[in-house]
Amino acid sequence: MDELELLKKDWQANSKQTDQHISSEAIYPMMHKKSSSIVKTLFYISIAELVFWLILNLYPYFASEKYRQDLEMMYGNSTTLIVLTLISIIVIIVFVYLLYKAHKSISVTDNAKKLMESILKTRKIIKYYVVFNLVMAFVTITMGMYFTMNYNPEVSTQFAHMSSKQMFISMLIMTVGVAIFLLVFWLFYRLIYGILLKRLNRNYKELKKLEV
Amino acid sequence: MNKELENNFVELLEKHQNIVHKVCRLYTNNQDAHNDLFQEITIQLWKAYPKFRGDAKFSTWMYRVGLNTAITLYRKSKRTIKTQEFESVSFKIKSVEYDDTEEQQLKLLYKAVHQLNDIEKALVLLYLEDKNYSEISETLGISEVNARVKMNRVKKKLRTILNP
């Protein structure tokens, strides 16, 4: 007899009985407990990302007058800062909309592959948002450094004593430093999502493999 | 959500809970993990229930939500990693009609099924429930031909596990 047929016979013979019946009284509280599914976790992570970058982007506007002045001085003129902040706000609004749509499209009653795709799509939106913010952070920090060196009277005097080679090396070191810092940040993200979606990714690959 | 909807749901779940237990049995290795998964499937079923139209059979709908939770949504807690606990809880239902050899064979079979990956387990579960390939393909989102091919591979894999 085919192994699975034997198993099926046993499985179906036992299909009506269960050794651990859960009463309706016990089901009621179970229904209302908090879910610990990856969709829920992904949702909390996206909210956290949103709040984190929102605070970071809007910080200059709520910071002290002196800090704002310093920033304006650093950027040479306030237009650059306003443009960068405006871009960030627009991106945040677009991101919130896309994320809302993506979360709404996740349905546990879809077929397994579609469900996995919806979750991965949500994760992708968060990924793009994080990449955008990291690129923006890189741009603003390097721009900030450039303006500080050229327009901040204290710093520019110090740099004035340097030869152009020394100046180039110190700028290179700072830029590479910022890039490494952001890269570590990115790897940290990858790790969080990697752990969270490990099982899903593995199962999705398995389903995809079937179609090759 | 109104009380009537809640009562209907509880009544249906209580009646068909064996389906959820079966999914839990295949995807977990110990009682704690079983309870955890049962809990999560219940939450997901309840969340999706208002959209349940009744055009599908409740049991079929439960399989879909249960399997989706097990293979996609569920995050294994640390305690589920202890696979050695498998023996003590595995399949407690004992059949009286089988002789010792057959029972022994069944035990090995269940153990072999536990060694399959999540998707393979889903295929086995649907197969054991006598679902046809069209239903299997619809639940997993793969083509019928692929479901058939994969099922044959799973059978082969089980044979290899049983007779190394």
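Every value quoted in this text rests on a predicted model; they were computed, and no experiment measured them. (Residues numbered from 1 in each chain as written. Chains lettered and ligands numbered in written order. Predicted model: local features only at pLDDT ≥ 70, side-chain atom pairs only at ≥ 80, totals over all residues. Heavy atoms only, no water.)

Colleague: Would you explain the nonpolar core in this entry?
Modeller: The nonpolar side chains of a soluble globular protein tend to be buried with one another. A:Ile119, B:Tyr27, B:Leu45, B:Trp61 and B:Leu140 are the most contacted members of the largest nonpolar core, which totals 91 residues. Top contributing element to this core by residue count: helix α6 (residues 112-151) of chain A, with eleven residues. Split by domain, the residues of this core number at least three in each of domain 1 (1-90) and domain 2 (93-164) of chain B. Non-local contacts of B:Leu140, meaning those with residues more than four positions away in its chain, are made with A:Asn111, A:Ala112, A:Lys113, A:Leu207, B:Ile71, B:Ala122, B:Leu123 and B:Leu126. (Core = buried A, V, L, I, M, F, W, Y, C linked by side-chain atoms within 4.5 Å. Buried < 20%, exposed > 50% of the residue type's maximum accessible area, 1.4 Å probe, protein only. Helix = DSSP H or I, 4+ residues; strand = E, 2+ residues; numbered from the N terminus. Domains from an automatic or database assignment. Contact = heavy atoms within 4.5 Å.)

Colleague: Which parts of the structure should I look at to understand the interface of chain B and chain A?
Modeller: A common way to state how big an interface is: give the accessible area lost once the parts meet. Across the contact, 72 residues belong to chain B and 54 residues belong to chain A. Buried area between chain B and chain A, summed over both chains or domains, comes out near 5,800 Å², and the portion from carbon and sulfur atoms is 57%. At the boundary of chain B and chain A, one finds four salt bridges. Close ionic contact of A:Arg199 with B:Asp118 constitutes a salt bridge, the shortest N to O distance being 3.3 Å. On inspection of chain B and its partner chain A, the count reaches 28 residue pairs in polar contact (both at pLDDT 80 or more). Broken down by secondary-structure element, the contributors of at least two residues to the side of chain B that touches chain A are α1 (3-27), α2 (31-48), α3 (58-73), α5 (100-114), α6 (118-128), α7 (133-140) and α8 (144-162) of chain B. With 14 residues, the top contributor of residues to the side of chain B that touches chain A is α1(B). (Buried area = accessible area lost by both parts, 1.4 Å probe. Salt bridge = Lys/Arg side-chain N within 4 Å of Asp/Glu carboxyl O. Polar contact = N/O pair within 3.5 Å; in protein donor to acceptor, adjacent residues only side chain to side chain.)

Colleague: Any chance you could explain the UniProt feature "transmembrane region" (unreviewed entry) in chain A here in plain terms?
Modeller: Residue and element names in this part refer to chain A. The UniProt record annotates "transmembrane region" (unreviewed entry) at residues 41-61, 81-100, 126-147 and 167-189. For residues 81-100, the helix share is 100%, the strand share is 0%, and the end-to-end C-alpha distance is 28 Å. From the first C-alpha to the last, residues 167-189 spans 33 Å; its make-up is 100% helix and 0% strand. (UniProt positions renumbered as here; feature names shortened; annotations may be inferred.)

Colleague: Where do I start with the environment of A:Lys66 in this structure?
Modeller: One can find A:Lys66 in helix α4 (residues 65-74). It is 53 Å that separates the C-alpha atoms of A:Lys66 and A:Lys205, two residues lying 139 residues apart in sequence.

Colleague: Would you mind going over the confidence of the model for chain B with me for this structure?
Modeller: All names here are of chain B. The predicted model of chain B averages 84 in pLDDT, with 85% of residues at 70 or higher. Taken element by element, the predicted model of chain B shows its lowest mean pLDDT in helix α4 (residues 86-89) (42) and its highest in α2 (94). This stretch, residues 79-98, has a pLDDT under 50; its non-local contacts, to residues over four places away or in other chains, come to 42 contacts. Listed scores for the predicted complex are pTM 0.81 and ipTM 0.82. (pLDDT = per-residue confidence, 0-100.)

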